[in-house]
Amino acid sequence: MIELRDVRKIFNQGQHNEYAALSGITLTIEAKRVTALRGPSGSGKTTLLTLIGCLARPTSGRVSLHGRDISGLPERFLTEIRRQTFGFVFQQFNLIKGMSALENIMLPAYPTGQPHAELTARAEALLERLRLAHRGNARVEWLSGGEQQRVAIARALINNPEVLIADEPTANLDTALAKEFMAILESFGEEGRTVILTSHDPLVVESAAVHRVVNMRDGLLVEHHD
Amino acid sequence: MKFWLERQRHLIDFTLASLARRKAKNLGLLAVFTLLVFVLASVMLFSHALRHEAALVLKDSPEIVLQRLVAGRHDLIPPGYLDAIGRIRGVQNTQGRLWGYYYDSVVKANYTFMVPPDGGIEKGTIVVGPALERERGLAENNGISFRSYNGQLFSYTIAKVLPRPSELVSADLVLMNEADFRAFFTYPEGHYTDIALSVANPLEVRNVASKLANILPDSRPILREEVLRTYASMFDWREGLMLALLSAALLAFAILAWEKASGLSAEEKREIGILKAVGWETGDVIKMKLWEGGLLSLTAFLLGFVAAYLQVFRFNAPLFEPVLKGWSVLYPRFELVPAIDGLQVATLFFFTVFPYMAAVLVPIWRAAVTDPDAVMRA
Amino acid sequence: MNSRPSAVVFTAVGLLALAFGGVFVDAAWLSRQRAGDVSEMSALAARLGLTDLALFTEARYTRHPSQADLHSAFQDHPLALEHFPSGSLITPPRHEILVRATASPD
């Protein structure tokens, strides 16, 4: 479904602090599967995630989605694809303070111009599913870590994307909450959503919910596990 | 279309939520902005309406007023002048006028004493302006004494008070009989203060004035168009107080805009990054910010302008009274006829709303066009 | 989540816009109402031959700005620069030089 061909990413090109995050990745991500990227920090897994999710463009190489090359698209189209296809859960959650949980969840759908009532209904349904319905109107800064993460997940799902991308999802959670997260992940896997995540938490990588683990080191893939 | 509308509404929802997070600061901003518009609009409306009113009121003043100058200063019109003018073609009427100033030490006010051209004032009586009625408590049939400049005391009875609505031109007038006037000021017989001429054809006025200057070289003719021009340039923005006010307003506005334009806090940068990461285009971010600037400045403009209108025309400009009154003791009470110059209003609108919107946009431009992947890295 | 913020703001701005429009309507109405005063003043000015508004009564020469000569301000004292507040509001009139030069400058 998502194909990467000899993808490289170099930051600060031409300057004294030039840094190659990815040095040639060729990878195919299968649809409807949970794929985990594993590797130490600095291995380039977050960068790979941003390229897969259309948050950035590769310095060289090609990224294609459903056989369609997206690495060369102009920003407008890239944003639209990103909005429709991918949902992001950031490691730091990156929720907007001062706004309620519901408002944060609906945020990615604002530019689509769908009616307010519809969006609210969808957001409430998502909260319901994640067992947070009673906290919909609470300001996000008043929520606990686990609640915030669930809001972040709901936000990622508001546009009903095919792919959910999560960066170090259990890094800020204790074991109980991490297990809860994996359970949610499993339900996603069952309903046929593609999930790509990065982690070096054995709880995640060795979980039954993960179908495939991709190992990385120093900007390159090392071996494939299935 | 429906989608576009809904989309803008969503953007507005977000920007308002964003503004509400710093309620105090943004309300303060709105207040300052509104005040600025209020002051500018008040001055604009007031001066335009007053100029307009002056033009209306003085449109029938004498076509030519002839003064005599001696060593560059006003002097009396001597006997024989009127005859010297004789019959100039185009002049319908030549009238010697008698008027002067009197300083009343009781209330420390200056009055304008005048003999009406058509007479009609009985000897021993005077007709006074409404401000005198107010300041000195005069009414019909009251008596009043004035001490003339040579120390003599003269007494008069008030025959009538001029109507209140005419205060703007008649506030300090004291109309008297010619004989009384000459006696009071010891005005030499046959002399006049100046001469008023009426000319039927407006195109002829200049010619007549030239002829007068020829016949009477020490005279100075003042044309009605010059009178009107004096009042047309009243409160010109290039003059003293007005310039100071305008400069202050511009400075305040520049500070406001600079405050807005001087960069983004880390929090704001992060927010924009998040918006882009979750699927907002650069265009969406920019539109959202434009709404923020636009709504704030539009509200400030509308509020400030409406308040200015009410202050000037419905409450009779209490804020301007001390400015105009200056050191005067007598000040006319008048209700201006509202005259609004649409061009001025439009100019005020364009020079408040759009620069502010631009100022809001400047700092976020950078952040808005940056790639969202920086957010992941945070 | 009660009313949307955008709805509140639209109402507020809408009301203000109405007030703004109302200003022009009120201006027209007041004009008609006060027109009577203006014609009364105009008639009085014509009858008495008045040339100035009675706005600045603080000094003799500020009272009739259109009639004042350039030297009036100095009549008290050669160095008596403009010291009345109304001087900062209204300037001495600019009288034109006639086609033929006059004996006294203006």
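Quick notes on the rules
Residues numbered from 1 in each chain as written. Chains lettered and ligands numbered in written order. Predicted model: local features only at pLDDT ≥ 70, side-chain atom pairs only at ≥ 80, totals over all residues. Heavy atoms only, no water. Buried < 20%, exposed > 50% of the residue type's maximum accessible area, 1.4 Å probe, protein only. Helix = DSSP H or I, 4+ residues; strand = E, 2+ residues; numbered from the N terminus. Pairing = 2+ DSSP bridges. Axes fitted to C-alpha atoms, helices over the stretch in contact; angles between N-to-C directions. Parallel < 35°, antiparallel > 145°, perpendicular 65-115°, else oblique. Left-handed = near helix turned anticlockwise from the far one by under 90°. Nonpolar A, V, L, I, M, F, W, Y, C, P; charged D, E, K, R; others polar. 1 Å grid on protein atoms, 1.4 Å probe; cavity = no way out; pocket = protein on both sides within 12 Å on 5 of 7 lines; lining within 4 Å. Points joined across faces, edges and corners; volume = space filled by probe spheres on them. Domains from an automatic or database assignment. Contact = heavy atoms within 4.5 Å. Buried area = accessible area lost by both parts, 1.4 Å probe. Salt bridge = Lys/Arg side-chain N within 4 Å of Asp/Glu carboxyl O.

Caption draft 1: Structural context of the pairing of strand β3 (residues 34–38) of chain A. Residues and elements named next belong to chain A. Counting buried residues in β3 gives 4 out of 5 residues, a clear majority hidden from the surface. For β3 and strand β8 (residues 194–198), the ladder comprises 4 bridges, and the chain directions are parallel. When the bridges of β8 are listed, Val-34 appears paired with Val-195. Of the strand pairs in this sheet, β3 and strand β9 (residues 212–217) are connected by 4 bridges, and their pairing is parallel. Looking at the pairing, Ala-36 lines up with Val-213 of β9.

Caption draft 2: Region of interest: the packing of helix α11 (residues 282–314) of chain B against helix α13 (residues 342–369) of chain B. Residue and element names in this part refer to chain B. At their nearest, the axes of α11 and α13 sit 8 Å apart, and the two run at 150 degrees to each other. With respect to their mutual orientation, α11 and α13 come out roughly antiparallel. You can see that α11 and α13 cross each other, and the crossing is right-handed. Among the residues forming the contact of α11 with α13, the class breakdown is 19 nonpolar, 5 polar and 2 charged.

Caption draft 3: Spatial organisation of the layout of surface pockets. Computed from the structure, the largest pocket encloses a volume of approximately 810 Å³. Leu16(B), Leu19(B), Ala20(B), Lys23(B) and Val9(C) are the residues nearest the centre of the largest pocket, which is lined by 27 residues in total. Of all elements in the fold, only α1 (2–20), α2 (23–57) and α11 of chain B together with α1 (5–48) of chain C reach the threshold of two or more residues within the lining of the largest pocket. Among the elements that make up the lining of the largest pocket, the one with the highest residue count is α1(C) (6 residues). A class-by-class count of the residues in the lining of the largest pocket yields 16 nonpolar, 6 polar and 5 charged.

Caption draft 4: Main features of the domain arrangement of chain B. All names here are of chain B. The assigned domain composition of chain B is domain 1 (2–58 + 232–377) and domain 2 (64–223). Between domain 1 and domain 2, the C-alpha centre-to-centre distance is 49 Å. Listed per partner, the contact involves 8 residues of domain 1 and 13 residues of domain 2. For the pair domain 1 and domain 2, the summed buried area comes to about 890 Å², and 74% of that belongs to carbon and sulfur atoms. Per-residue buried area on domain 1 facing domain 2 is highest for Val-329, Leu-330 and Arg-333; these three make up 62% of the total on that side. Taken together, the connections running from domain 1 to domain 2 amount to 0 salt bridges. Looking at the side of domain 1 that touches domain 2 residue by residue, the classes come out as 6 nonpolar, no polar and 2 charged.

Caption draft 5: The arrangement of the pairing of strand β10 (residues 219–223) of chain B in detail. Residue and element names in this part refer to chain B. Counting buried positions along β10 yields 5 of 5 residues, so the element is predominantly enclosed. The side-chain alternation of β10 yields two buried faces, one formed by Ser-219, Pro-221 and Leu-223 and the other by Arg-220 and Ile-222. Two elements, strand β1 (residues 64–70) and β10, share 5 bridges in a ladder whose sense is antiparallel. Its bridge partner lying in β10, Leu-66 is registered against Pro-221.

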